[in-house]
Amino acid sequence: MEQQNYHMSPEEFRHWGYKTIDWIADYLENVEKLPVLSQVEPGDTKAKLPNTAPQQGESFAAILKDIDDIIVPGLTNWQSPNFFAFFPSGISAPSILGELLSAGMGVQGMLWATSPACTELETHVLDWLIDMLELPLHFKSTQTGGGVIQDSASSATLVALVAAREQAKADISKLVAYTSTQAHSSVEKGAKIAGISKENLRYIEVDADYAMNPEALQQCIEKDIQAGLTPFYLAATVGTTSSNAIDPLPQLGAIAQKYNIWFHVDGAMSGTAALCPEFRWIHQGLELADSYCFNPHKWMMTNFDCTCFYVRDRAKLIQSLSIMPEYLKNQASESGAVIDYRDWQIPLGRRFRSLKLWFVIRHYGIEGLQHYVRKHIALAQEFAEWVKSDVRFELAVNPPLNLVCFRHKGGDKINQAIVNNLNSSGKSYLISTKLDQKVTLRMSIGQATTEKLHVQQAWELICQIADASESI
Ligand SMILES: Cc1ncc(COP(=O)(O)O)c(C=O)c1O
């Protein structure tokens, strides 16, 4: 019988590979012309798909055509220079190529032995980043600590929580975790997954700049100890999601040390600012942290997923997560001379993520990466000046970096109208939050291709919508 072969031939792969790269280049070149927020209705994308999977394989030409016809209309275009929502999800050409190579190699780096280069490049690039951001040296793999790439800041928070839980010498029902009212929802989710009950997660109040109040934390801890509970985990934020508040790490870290609490710092988006010496103040006090993470997949032009997670003492992390079934035993692991990253994360399998990060750092150099951080912060500060000089608007807080929180003084309804109308125009996209119970607009500037004219255009649209809405 003739041998059946359904694969793409190497020649076909080359042909469609080049076409796919062409598609990506065209998409990125023209993404500015597409609506930023997808304009489809619920069910529109699904309605264009056949009810059942194809019995016979289809041509790649047909598949690629459906990307344009079915998928693109249903995209919210995160790579548009007019994207100002959430925090950025940055990408770049070298990062895309790194992803492609990782996919092409298809290796699993769960053990050092299953692809030594996957582990060693990751360790090395994460050590580079310690110097690049001037992070505490004990996070280095050459010292007591070490860095690992997690899929997300949420996973980093969870992994730190589990390590903290394993260190704590108390019944889980007695363990109490602390964070601020402004912390990202991943802290609550992590606590849920790690078995910390909702009643044992404390949301500490914040000051006028929405940063955690150390006195309130101290009081809360004292009260819990008196009630026979055991404080075990404190999650602080460098750059909160709603308003970019920077928690006071020196005071919080001192409290954590005093009560022997694991101190985790989440620098998801804002940590990247520390590439520039003039913004390194955001990490003041980080030397007191047991663990830290920031996301190159937000503001460092590296495709999702890529969270750099560091620990002060890798032994504590490994003790918490290591399990050794027979089928994973190997000489390299037993020698103790290698890192097995499976012991630093939740899943067993892991992609070769450091390739894209390595490519980004090598392509841009520290200088190139600093350029974009400085540019975004300068654009945000300029936008804040426009807000301040318009009597109809006010800043909700002075923007520390590249996120401007502001509002129309006319109240929630008009601010909501601005967000809704701006987003449905497809010309620009931002989201709102609530600060002090008031609807607040968030202008988040971190998209690699955003220029002043895009920020100006967004501001003009906001002003036009405000003019039209002032009668509501
Ligand atoms: C401060 C902060 N922490 C955590 C996260 C969650 O990030 P990830 O999607 O990497 O889990 C975000 C997302 O915006 C964030 O702003």
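Novice: Just to check I follow, could you spell out the nonpolar core for this structure?
Specialist: A general tendency of soluble globular proteins is for nonpolar side chains to be buried together. Judged by nonpolar contacts, the single largest core of 117 residues is most densely connected at A177, Y233 and L234. A total of 14 residues in this core trace back to one element, the largest contributor, which is helix 13 (residues 354-388). Residues in contact with L234, not counting those within four places in the same chain, are Y178, L252, A256, I261 and F263.

Novice: Just checking my understanding: could you explain the packing of helix 14 (residues 412-425) against helix 15 (residues 452-469) for this structure?
Specialist: In a packed pair of helices, the relevant descriptors are the angle between the two axes and the axis-to-axis distance. The N-to-C vectors of helix 14 and helix 15 enclose an angle of 125 degrees; their axes lie 9 Å apart at closest approach. In terms of orientation, helix 14 and helix 15 fall into the oblique class. Two packed elements cross with a definite hand, and for helix 14 against helix 15 that hand is right-handed. Counting all contacts with helix 14, which are made through I414, A417, I418, N421, L422 and S425, the residues of helix 15 involved are L461, I462, I465, A466 and S469.

Novice: Explain the sheet that holds strand 3 (residues 201-204) here, please?
Specialist: To summarise the sheet geometry, strands pair through backbone hydrogen bonds and adopt either a parallel or an antiparallel arrangement. Strand order in the open sheet formed by seven strands is 1-7-6-5-4-2-3, with mixed pairing between adjacent strands. Each edge of the open sheet carries a strand with a single partner, namely strand 1 (146-150) and strand 3. With strand direction ignored, the average angle separating the axes of adjacent strands in the sheet is 20 degrees. In the sheet, strand 2 (residues 175-180) pairs with strand 4 (residues 230-237) via four bridges, with the strands oriented parallel. Within the sheet, the bridge partner assigned to V176 lies in strand 4 and is P231.

Novice: Hey, could you run me through the pairing of strand 10 (residues 431-435) in this one?
Specialist: Regular strands place side chains that alternate from one sheet face to the opposite one. By the bridge criterion, five bridges tie strand 10 to strand 11 (residues 438-444) in an arrangement that is antiparallel. Residue S432 lies in a different strand from strand 11, and its bridge partner there is L441. Between the end of strand 10 and the start of strand 11, which pair antiparallel, lie two residues, with D436 showing a positive phi angle near 50 degrees.

Novice: What is the right way to look at the sheet that holds strand 11 in this model?
Specialist: Taken in spatial order, the four strands line up as 8-9-11-10 in an open sheet, and their pairing is antiparallel. Whereas interior strands pair on both sides, the edge strands pair on one side only; in this sheet they are strand 8 (393-395) and strand 10. Averaged over all pairs of adjacent strands, the angle between strand axes in this sheet comes to 40 degrees, irrespective of strand direction. Pairing between strand 8 and strand 9 (residues 403-408): three bridges, direction antiparallel. Across the sheet, residue F393 finds its bridge partner in strand 9, namely H408. Taken strand by strand, helix 14 contacts strand 9, strand 10 and strand 11, and its axis lies near 30 degrees from that of strand 11.

Novice: What should I look at first to understand the packing of helix 6 (residues 153-167) against helix 11 (residues 314-321) in this one?
Specialist: Interhelical geometry of helix 6 versus helix 11 gives an angle of 90 degrees and a closest axis separation of 9 Å. The angle between helix 6 and helix 11 places the two elements in the roughly perpendicular class. Listed contacts from helix 11 to V162, A163, E166 and Q167 of helix 6 are K316, L317, Q319, S320 and L321. By residue class, the composition of the contact of helix 6 with helix 11 is four nonpolar, three polar and two charged.

Novice: What should I look at first to understand the environment of S243 in this one?
Specialist: Turning to its location among the elements, S243 is positioned in the loop between strand 4 and helix 9 (249-258). Taking C-alpha positions, S243 is 17 Å from Q416, a pair spaced 173 residues apart along the chain. Aside from chain neighbours lying at most four places away, what touches S243 is Q182, Y210, A396, V397, C405 and L435.

Novice: Teacher, can you tell me more about helix 13 here?
Specialist: Residue pairs three or four apart in sequence face the same way in an α-helix, which turns once every 3.6 residues. For helix 13, built from 35 residues, the straight-helix expectation of 51 Å at 1.5 Å per residue is missed by more than 12%, its first-to-last C-alpha distance being only 42 Å. The largest bend in helix 13 comes to about 90 degrees, at G365.

Definitions and limits used
- Residues numbered from 1 in each chain as written.
- Predicted model: local features only at pLDDT ≥ 70, side-chain atom pairs only at ≥ 80, totals over all residues.
- Core = buried A, V, L, I, M, F, W, Y, C linked by C-beta atoms within 7 Å.
- Buried ≥ 20, exposed ≤ 12 C-beta atoms within 10 Å, placed from the backbone.
- Helix = DSSP H or I, 4+ residues; strand = E, 2+ residues; numbered from the N terminus.
- Contact = placed C-beta atoms within 7 Å.
- Axes fitted to C-alpha atoms, helices over the stretch in contact; angles between N-to-C directions.
- Parallel < 35°, antiparallel > 145°, perpendicular 65-115°, else oblique.
- Left-handed = near helix turned anticlockwise from the far one by under 90°.
- Pairing = 2+ DSSP bridges.
- Nonpolar A, V, L, I, M, F, W, Y, C, P; charged D, E, K, R; others polar.
- Expected span 1.5 Å × (residues − 1).
- Bend = angle between axes of the 7 residues up to and from the residue.

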